[in-house]
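Read off the chains here:
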Amino acid sequence: DQQVKQNSPSLSVQEGRISILNCDYTNSMFDYFLWYKKYPAEGPTFLISISSIKDKNEDGRFTVFLNKSAKHLSLHIVPSQPGDSAVYFCAGKAAGNKLTFGGGTRVLVKP
Amino acid sequence: GAGVSQSPSNKVTEKGKDVELRCDPISGHTALYWYRQSLGQGLEFLIYFQGNSAPDKSGLPSDRFSAERTGGSVSTLTIQRTQQEDSAVYLCASRIPGLNTGELFFGEGSRLTVL
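Only a predicted model underlies this, so the values are computations on that prediction, with no experimental measurement involved. (Residues numbered from 1 in each chain as written. Chains lettered and ligands numbered in written order. Predicted model: local features only at pLDDT ≥ 70, side-chain atom pairs only at ≥ 80, totals over all residues. Heavy atoms only, no water.)

Caption draft 1: Looking closely at the state of the cysteines. Counted according to the given criterion, the structure contains two disulfides over all chains. In this model C23(A) forms its disulfide with C90(A); the gap between the sulfur atoms is 1.8 Å. On the sign convention where negative is left-handed, the bridge of C23(A) and C90(A), at about 60° about the S-S bond, is right-handed. Here C23(A) is found in strand β3 (residues 19-25), whereas its partner C90(A) is found in strand β9 (residues 86-93), with 67 residues between them in sequence. On the accessibility criterion, C23(A) (1% relative accessible area) is buried. Put simply, C23(B) and C92(B) are joined by a disulfide, and their sulfur atoms are 1.9 Å apart. Negative torsions about the S-S bond denote left-handed disulfides, and the value of about -65° found for C23(B) with C92(B) makes this one left-handed. Residue C23(B) is located in strand β3 (residues 19-24), and its partner C92(B) is located in strand β9 (residues 88-95); the two are separated by 69 residues in the primary sequence. Residue C92(B) is classed as buried on the basis of its relative accessible area of 0%. (Disulfide = S-S within 2.5 Å. Helix = DSSP H or I, 4+ residues; strand = E, 2+ residues; numbered from the N terminus. Buried < 20%, exposed > 50% of the residue type's maximum accessible area, 1.4 Å probe, protein only.)

Now the structure itself:
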């Protein structure tokens with residue numbers, strides 16, 4: 001039962017352009033959604049979150065959009081930079097701060 | 001310490017042996033989580049501690065897996081009679097008390113390889 005799905009395993013984008021990462025979920029009980037970024041041989045690091053009562057949250061180059069009716073969220077990175085090359089995981093938060101993660105999307109930003 | 005510390009960073013073991021993985025959370029973080037990431041997969045929840053008790057251990061895959069936490073700090077994840085499918089990166093995370101937005105601080109993980 002995959003409660004959180006990232007259907008694109010990889011994404012390649014030119015430096016300076018927009019990266020759009022997508023995530024779908026099935027659990028209506030999630031009250032927060034989060035994006036984490038992971039470099040090889042490192043632990044995931046928190047990037048940005050959004051409450052289930054909001055539809056947009058922006059932090060610098062990163063914006064997360066939530067469409068509750070479609071049970072879909074997306075992460076926009078503008079402009080993309082080579083240092084953004086990493087694996088991105090979306091996650092839904094339920095009770096106890098337990099996170100359910102998607103399978104990840106590997107982003108490659110080409111100079 | 002400054003961040004979540006995990007040891008060992010790498011462990012290679014033979015099938016059937018027991019292994020212990022250690023997590024030292026950020027000082028003052030009362031909540032501690034164990035996840036694992038198998039090759040090419042997302043992060044899979046294993047167990048969650050609040051203080052020394054584990055309100056949610058629903059993600060432990062079998063009774064070969066156990067975890068404990070003592071003194072509200074260090075946690076140990078034990079895998080008995082390891083199998084090849086246990087090979088994964090085991091990640092520990094902790095959380096700022098009272099912060100309920102899901103933001104977790106992860107360690108670098110312990111990579112377990114079972115031959």
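Caption draft 2: Highlighting the sheet that holds strand β1 (residues 4-5) of chain A. What the five strands build is an open sheet, ordered β1-β3-β8-β7-β6 (chain A); its pairing is antiparallel. The open sheet has two free edges, formed respectively by β1 and β6 (56-59) of chain A, since each of these has just one partner strand. (Pairing = 2+ DSSP bridges.)

Caption draft 3: Region of the structure containing the interface of chain A and chain B. Between chain A and chain B, the residue contacts involve 18 residues of the former and 21 residues of the latter. For the chain A and chain B pair, buried surface summed over both sides reaches about 1,600 Å², with 57% attributable to carbon and sulfur atoms. Interface area lost by chain A to chain B is led by N97(A), K98(A) and F101(A), which between them contribute 33%. Counting every contact that joins chain A to chain B gives one salt bridge. The salt bridge partner of D56(B) is K98(A), with a shortest N-O separation of 3.4 Å. In this assembly, chain A and chain B are joined by eight residue pairs in polar contact (both at pLDDT 80 or more). Of all the secondary-structure elements, those providing two or more residues to the side of chain A that touches chain B are β4 (32-38), β9 and β10 (99-101) of chain A. (Contact = heavy atoms within 4.5 Å. Buried area = accessible area lost by both parts, 1.4 Å probe. Salt bridge = Lys/Arg side-chain N within 4 Å of Asp/Glu carboxyl O. Polar contact = N/O pair within 3.5 Å; in protein donor to acceptor, adjacent residues only side chain to side chain.)

Caption draft 4: Molecular detail of the environment of L32(B). Residues and elements named next belong to chain B. By the secondary structure assignment, L32 is in strand β4 (residues 31-37). You can call L32 buried: its relative accessible area is 0%. Residues L32 and I96 lie 64 residues apart in sequence; the distance between their C-alpha atoms is 9.8 Å. When sequence neighbours within four positions are dropped, the list of residues in contact with L32 reads C23, P25, I47, Y48, F49, R69, S73, S75, C92, A93 and S94.

Caption draft 5: Region of the structure containing the side chain of R36(B). Residue and element names in this part refer to chain B. Looking at the secondary structure, you find R36 in strand β4. A polar atom in the side chain of R36 sits 3.2 Å from the side chain of Y90. In this structure R36 touches G42, L43, E44, L46, P61, F65, E85, D86, A88, V89, Y90 and L91, once residues within four positions along its chain are discounted.

Caption draft 6: Structural context of the environment of G3(B). Here G3(B) shows up in the segment before β1 (5-7). When its relative accessible area of 34% is taken as the criterion, G3(B) is described as partly exposed.

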